[in-house]
Amino acid sequence: MKLVVAVIQDKDSGKLLEALVEHNFKATKLASTGGFLKSGNTTVLVGVEDDKTQQVVSIIKKVCKAREKTVTTMSPIGGAVESYVPYPVEVVIGGATIFVLDVAQFEKA
Amino acid sequence: MKLVVAVIQDKDSGKLLEALVEHNFKATKLASTGGFLKSGNTTVLVGVEDDKTQQVVSIIKKVCKAREKTVTTMSPIGGAVESYVPYPVEVVIGGATIFVLDVAQFEKA
Amino acid sequence: MKLVVAVIQDKDSGKLLEALVEHNFKATKLASTGGFLKSGNTTVLVGVEDDKTQQVVSIIKKVCKAREKTVTTMSPIGGAVESYVPYPVEVVIGGATIFVLDVAQFEKA
Ligand code: NI
Ligand code: NI
Ligand code: NI
């Protein structure tokens, strides 16, 4: 038995839980407040049999993969606040940090 | 030293923390938001000396044991919304998923 | 790789996250509700290379060390509610419980 601890972006958590359920894995979502460091992050716990660990890791990597997204932002031109123009920027969203822990004992009640 | 990670139902958390304290164990309750999967769940962390691990596991199993409860629900008769009647149903409440982890190093400050 | 799980006081969490960031460690802050047991506590997760584990433990111990603080409280004199007087008391604040866990597998996405 393994316990997978994954720190992911809030916005990926719904899709991740859905994907895990579809493959019959049970996940628990912890509320991360994150402070200034990790605001917008969520920690997900998944208990899994050893031989299915890679499947869980793959699902997390696939759903939460860091990727570029074009967002439209506003920028002042020539420092004049009246002349903001919208322009596209590439930002990185998503990403996951995944810790797989050995479980010494597993029980259900 | 072991770290016990228990996912239990919110409604059992007060009673569990009380039972752990009575037996001199220190527990930390994490807020689980749970998403659609595990709404109403709470994650509890308990640090414990190796030889007392079974005692902690037993307390969790005893307090949080899945059990049936009769709840009164309403059901429409013949599809007519005016004719709902109360009737009793058995539902399963409680339950716990318990992961015991080895602690490589333990420190207090 | 190690996963450091530290239960600390809420009021020390900002300073701890700042100190960890300064030393290039990444931390995730979980919301602990704590129940009656541990109200005002926060759980912090830090993933760290084995050879830097002691540095993370030292930072946590230094920032979150239990220490005395003088607070001014009010006490009734002779049981009469009209005669409360302020007086100083030493209270212990801070403190940390630190669990270091071995990480069987570590992945980033
Ligand atoms: Ni699939
Ligand atoms: Ni007892
Ligand atoms: Ni330093």
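Residues numbered from 1 in each chain as written. Chains lettered and ligands numbered in written order. Predicted model: local features only at pLDDT ≥ 70, side-chain atom pairs only at ≥ 80, totals over all residues. Heavy atoms only, no water.

Peer 1: Break down the packing of helix 1 (residues 10–22) of chain A against helix 2 (residues 53–64) of chain A for me, with residues and values.
Peer 2: All names here are of chain A. Put simply, helix 1 and helix 2 touch, their axes get as near as 10 Å, and they point 145° apart. Helix-helix and strand crossings are classified by hand; for helix 1 and helix 2 the assignment is right-handed. Side by side, helix 1 and helix 2 meet where Asp12, Lys15, Leu16, Ala19 and Leu20 of the first sit next to Val56, Ile59, Ile60, Val63 and Cys64 of the second. The residue makeup of the contact of helix 1 with helix 2, split by class, is eight nonpolar, no polar and two charged. (Axes fitted to C-alpha atoms, helices over the stretch in contact; angles between N-to-C directions. Helix = DSSP H or I, 4+ residues; strand = E, 2+ residues; numbered from the N terminus. Left-handed = near helix turned anticlockwise from the far one by under 90°. Contact = heavy atoms within 4.5 Å. Nonpolar A, V, L, I, M, F, W, Y, C, P; charged D, E, K, R; others polar.)

Peer 1: Outline the interface of chain C and chain A, listing residues and values.
Peer 2: If you look at the interface, chain C gives 23 residues, while chain A gives 27 residues. Summed over both partners, the interface of chain C with chain A buries about 2,000 Å², with 66% contributed by carbon and sulfur atoms. For the pair chain C and chain A, the interface holds one salt bridge. Where A:Lys61 meets C:Glu107, a salt bridge forms, and the shortest distance between an N and an O atom there is 2.5 Å. The interface formed by chain C and chain A contains six residue pairs in polar contact (both at pLDDT 80 or more). Every element with two or more residues in the side of chain C that touches chain A is listed here: helix 1 (10–22), strand 2 (27–31), strand 3 (41–48), strand 6 (96–102) and strand 7 (105–108) of chain C. By residue number, the principal contributor to the side of chain C that touches chain A is strand 2 of chain C, which donates five residues. For the side of chain C that touches chain A, the class distribution of residues is 13 nonpolar, four polar and six charged. (Buried area = accessible area lost by both parts, 1.4 Å probe. Salt bridge = Lys/Arg side-chain N within 4 Å of Asp/Glu carboxyl O. Polar contact = N/O pair within 3.5 Å; in protein donor to acceptor, adjacent residues only side chain to side chain.)

Peer 1: Explain the nonpolar core to me, and be specific about the residues and the numbers.
Peer 2: Among the nonpolar cores identified, the biggest contains 23 residues, and A:Leu3, A:Leu101, B:Leu3, B:Leu101, C:Leu3 and C:Leu101 are the most heavily contacted of them. Of all the secondary-structure elements, those providing two or more residues to this core are strand 1 (2–9) and strand 6 (96–102) of chain A, strand 1 (2–9) and strand 6 (96–102) of chain B together with strand 1 (2–9) and strand 6 of chain C. Residues in contact with A:Leu101, not counting those within four places in the same chain, are A:Met1, A:Lys2, A:Leu3, A:Val5, B:Leu101, C:Leu3, C:Leu101, C:Asp102 and C:Val103. (Core = buried A, V, L, I, M, F, W, Y, C linked by side-chain atoms within 4.5 Å. Buried < 20%, exposed > 50% of the residue type's maximum accessible area, 1.4 Å probe, protein only.)

Peer 1: How would you summarise the interface of chain A and chain B if you had to cite specific residues and measurements?
Peer 2: With 23 residues of chain A at the interface, the matching set in chain B holds 27 residues. Between chain A and chain B lies a buried interface of about 2,000 Å² when both sides are counted; carbon and sulfur atoms form 66% of it. The largest per-residue losses of area from chain A upon contact with chain B belong to A:Gln105, A:Glu107 and A:Ala109, which jointly make up 30% of the total buried on that side. For the interface between chain A and chain B, the tally reads one salt bridge.

Peer 1: Any chance you could break down the relation of the copies chain A and chain B for me, citing the residues and the numbers?
Peer 2: For these two chains of identical sequence, chain A goes onto chain B by a turn of 120° and a shift of 0.0 Å along the axis, with RMSD 0.0 Å. Those values place the two copies in the arrangement expected of a three-fold rotation axis. Identified as the residue of chain A closest to the rotation axis by C-alpha distance is A:Ala31, at 3.4 Å. When you check the interface residues of chain A against chain B, a mere 17% turn up at the interface there too, and the two sides of the contact use different surfaces. (Least-squares fit on C-alpha atoms with pLDDT ≥ 70 in both.)

Peer 1: So what about the sheet that holds strand 2 of chain C? Which residues, and what values?
Peer 2: An order of 7(B)-6(C)-1(C)-3(C)-2(C) is seen for the five strands of this open sheet, with the pairing classed as antiparallel. Looking along the sheet, the strands with just one partner apiece sit at the ends: strand 7 (105–108) of chain B together with strand 2 of chain C. Here the strands of the sheet are splayed against their neighbours by 20° on average, with no regard to which way each runs. As defined by bridge partners, strand 2 of chain C adjoins strand 3 of chain C across five bridges and the pair is classed as antiparallel. Pairing of C:Thr28 across the sheet is with C:Leu45, part of strand 3 of chain C. Contacts between helix 2 (residues 53–64) of chain C and the sheet are confined to strand 7 of chain B together with strand 1, strand 3 and strand 6 of chain C, with strand 6 of chain C contributing the most and set at about 170° to the helix. (Pairing = 2+ DSSP bridges.)

Peer 1: An account of the sheet that holds strand 2 (residues 27–31) of chain B is needed here, citing residue identities and associated values.
Peer 2: Strand order in this open sheet of five strands is 7(A)-6(B)-1(B)-3(B)-2(B), and the pairing throughout is antiparallel. In the strand order of this sheet, the two ends are held by strand 7 (105–108) of chain A together with strand 2 of chain B, each with one partner. If you compare each strand with its neighbour and ignore which way they point, the axes differ by 20° on average. Summarising the sheet, strand 1 of chain B and strand 6 of chain B pair through seven bridges and their orientation is antiparallel. Looking across to strand 6 of chain B, one finds that B:Ala6 is bridged to B:Ile98. Against the sheet, helix 1 (residues 10–22) of chain B contacts strand 1, strand 2 and strand 3 (41–48) of chain B, and its axis sits at roughly 145° relative to strand 1 of chain B. Along the sheet, helix 2 (residues 53–64) of chain B contacts strand 7 of chain A together with strand 1, strand 3 and strand 6 of chain B; its crossing angle with strand 6 of chain B, the most-contacted strand, is approximately 170°.

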